[in-house]
Amino acid sequence: MRTLFLSLTAIGLASMAQAEITEQVVTLSSGGQPFVGTLATPAGDPAPVVLLLHGFTGARNELATDHVSAGVFAHSAQKLGEAGFASLRIDFRGSGESTADLSFADTTFEGQIADAAAAVDYLAGLDSVDGQDIHVIGWSQGGLVAASLAGRGAAVDTVSLWNAVGDPTATYGGLLGAEFLTEAIAASADEVITATLPWGAEIELKGAFFDGIAAHDPIKEIAGYSGPLFVATGTNDTVVLPENGEAFMAAHDGAEVLWSAEMDHVFNVFGTGETLDLMLAETIGFIQAHDD
């Protein structure tokens, strides 16, 4: 069952009552190494919970601007809490505050998928949330991770992909340059490579990350998931082209919604917070419609 939304309809957003939400920093483990998250829980009985997976070079609060001062994911956690959902936003190992044992250079897709799986297991064992009612939202590279997590059988009730990477070669070739990407893929797994991002920032990654770009197929991964799928794409996104969302939809067999808006890769948050809130309302409405 497929539904296509091209309008920006903030269903339910105005009716979200302000709620008391408690946040705490928690430490989880993946591969015997620690990583950090922020657990947000609304008052009352243990609530269904949403796992938030950040993007490439991001961290658990995600991008902060004048219009979304707390950060995209910290803001999302607040909106989820107002709708009655707990949430856990994590720093993948090597990102944010999760650098006790790994640096960002050690980042790989498979490592992040393992972290997400560990987070699901962690939530399933918590008394403060409903560990039998877990949902996942992934943005950009976090969407690649979410698709893979679900496709490999993680116990999640819904998956929401926001401007998610479906074609890693095209996305990272666009970000870093096709010639650079070809050379990086040819490097050894342990070789440290310096990459320059379009806005001038330099980062270090090992060859293993680029091996993942060549080998990983998020579209094939989502085909292994038959649960409810929400896909958001931006018609003005030049980082992850809207065709990625269409490919996720085509590969998935189950209840699904494609929501599209005139937004860039970061949901227009440098100019307004409204588009993010509209997308959040649609996402929350989808999760509620398919909640246990």
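Secondary structure summary: the protein contains 9 helices and 11 strands in total. For the protein, the C-alpha atoms occupy an extent of roughly 50 × 40 × 40 Å along the three principal directions. The burial tally for the protein puts 56% of its 292 residues in the buried class. When contacts within the protein are restricted to residue pairs at least 6 apart in sequence, those whose partners lie at least 24 apart make up 72%. Taken as a whole, the protein presents about 11500 Å² of accessible surface, with 50% of it coming from carbon and sulfur. Averaged over its 8 positive side-chain charges, the protein has a centre that lies 4 Å from the centre of its 39 negative ones.

Tallied over the entire structure, the rule returns 13 aromatic pairs. Here the aromatic rings of Phe109 and Tyr172 are separated by 6.0 Å at their centres, their planes lie at 45 degrees, and the arrangement is tilted. Linking Phe109 in helix H2 (residues 109–124) with Tyr172 in helix H4 (residues 168–176), this pair joins segments that are 63 residues apart in sequence. In this structure Phe109 comes out as buried when scored by relative accessible area, which is 2%. Overall, Tyr172 belongs to the buried group, its relative accessible area being 1%.

Here we come to unusual backbone geometry. Phi at Ser140 is positive, roughly 60 degrees, even though this residue is not glycine. Within the secondary structure, Ser140 sits in the loop between strand S6 (129–139) and helix H3 (141–151). A relative accessible area of 9% means that Ser140 is categorised as buried. For Asn163, which is not a glycine, the phi torsion comes out positive at approximately 45 degrees.

Model confidence for the protein is summarised by a mean pLDDT of 94, while 93% of its residues fall at 70 or above. Mean pLDDT across the secondary structure elements of the protein bottoms out at strand S1 (residues 2–5), with 41, and peaks at strand S7 (residues 158–162), with 99.

Along its 16 residues, helix H9 (residues 274–289) runs 23 Å from first to last C-alpha, staying within 8% of the 22 Å computed at 1.5 Å per residue. Taking burial as the measure, the 16 residues of H9 include 13 buried ones, the bulk of the element.

Moving on, we get to the side chain of His216. Here His216 lies in the loop between helix H6 (207–215) and helix H7 (218–222). By relative accessible area, His216 is classed as buried at 9%. Sequence-distant contacts of His216, defined by excluding residues within four places in its chain, comprise Phe109, Glu110, Ile113, Leu144, Ser148, Arg152, Pro168 and Glu221.

What follows concerns the environment of Gln112. Within the secondary structure layout, Gln112 lies in helix H2. Since its relative accessible area comes to 3%, Gln112 is described here as buried. Sequence separation between Gln112 and Lys206 is 94 residues; the distance between their C-alpha atoms is 15 Å.

A few words now on the packing of H2 against H3. The geometry of H2 relative to H3 is characterised by a closest axis approach of 9 Å and an angle of 65 degrees between their N-to-C directions. For the pair H2 and H3, the sense of crossing is right-handed. On the side of H2, the interface is formed by Phe109, Gln112, Ile113, Ala116, Ala117 and Val120, while H3 contributes Gln141, Leu144, Val145, Ser148 and Leu149. A class-by-class count of the residues in the contact of H2 with H3 yields 8 nonpolar, 3 polar and no charged.

Turning next to the pairing of strand S3 (residues 33–42). On a regular strand, one side chain projects to one face of the sheet and the next to the other, so that they alternate. With 9 of 10 residues buried, S3 is to be regarded as a mostly interior element. Two elements, strand S2 (residues 21–30) and S3, share 10 bridges in a ladder whose sense is antiparallel. Bridge pairing links Gln24 to Leu39 in S3. Connecting S2 to the antiparallel partner S3 that follows it, the hairpin turn spans 2 residues, and Gly31 within it adopts a positive phi of roughly 60 degrees.

To continue, consider the packing of H4 against H6. It is the contact of H4 with H6, at a shortest axis distance of 8 Å, that shows an interaxial angle of 135 degrees. As summarised for this structure, H4 and H6 are arranged oblique, according to the angle between their axes. Across from Pro168, Thr169, Tyr172 and Leu176 in H4, the residues of H6 making contact are Phe209, Phe210 and Ile213. Each residue belonging to the contact of H4 with H6 can be placed in one class, and the counts come to 6 nonpolar, 1 polar and no charged.

Going through the model one piece at a time under the given rule, you end up with 8 salt bridges. The shortest N-O distance in the salt bridge between Arg152 and Glu221 comes to 2.8 Å. Within this pair, whereas Arg152 is found in the loop between H3 and S7, its partner Glu221 is found in helix H7, the two being separated by 69 residues in sequence. In the salt-bridge network here, residues are joined through shared partners; they are Arg60, Asp91 and Glu97.

Reading the values: the criteria
Residues numbered from 1 in each chain as written. Predicted model: local features only at pLDDT ≥ 70, side-chain atom pairs only at ≥ 80, totals over all residues. Heavy atoms only, no water. Helix = DSSP H or I, 4+ residues; strand = E, 2+ residues; numbered from the N terminus. Buried < 20%, exposed > 50% of the residue type's maximum accessible area, 1.4 Å probe, protein only. Contact = heavy atoms within 4.5 Å. Areas by Shrake-Rupley, 256 points an atom, 1.4 Å probe, with all protein chains shown as cover. Lys, Arg positive; Asp, Glu negative; His and termini not counted. Charge placed at Lys NZ, Arg CZ, Asp CG, Glu CD. Phe/Tyr/Trp six-rings, centres within 6.5 Å; stacked < 30°, edge-to-face > 60°. pLDDT = per-residue confidence, 0-100. Expected span 1.5 Å × (residues − 1). Axes fitted to C-alpha atoms, helices over the stretch in contact; angles between N-to-C directions. Left-handed = near helix turned anticlockwise from the far one by under 90°. Nonpolar A, V, L, I, M, F, W, Y, C, P; charged D, E, K, R; others polar. Pairing = 2+ DSSP bridges. Parallel < 35°, antiparallel > 145°, perpendicular 65-115°, else oblique. Salt bridge = Lys/Arg side-chain N within 4 Å of Asp/Glu carboxyl O.

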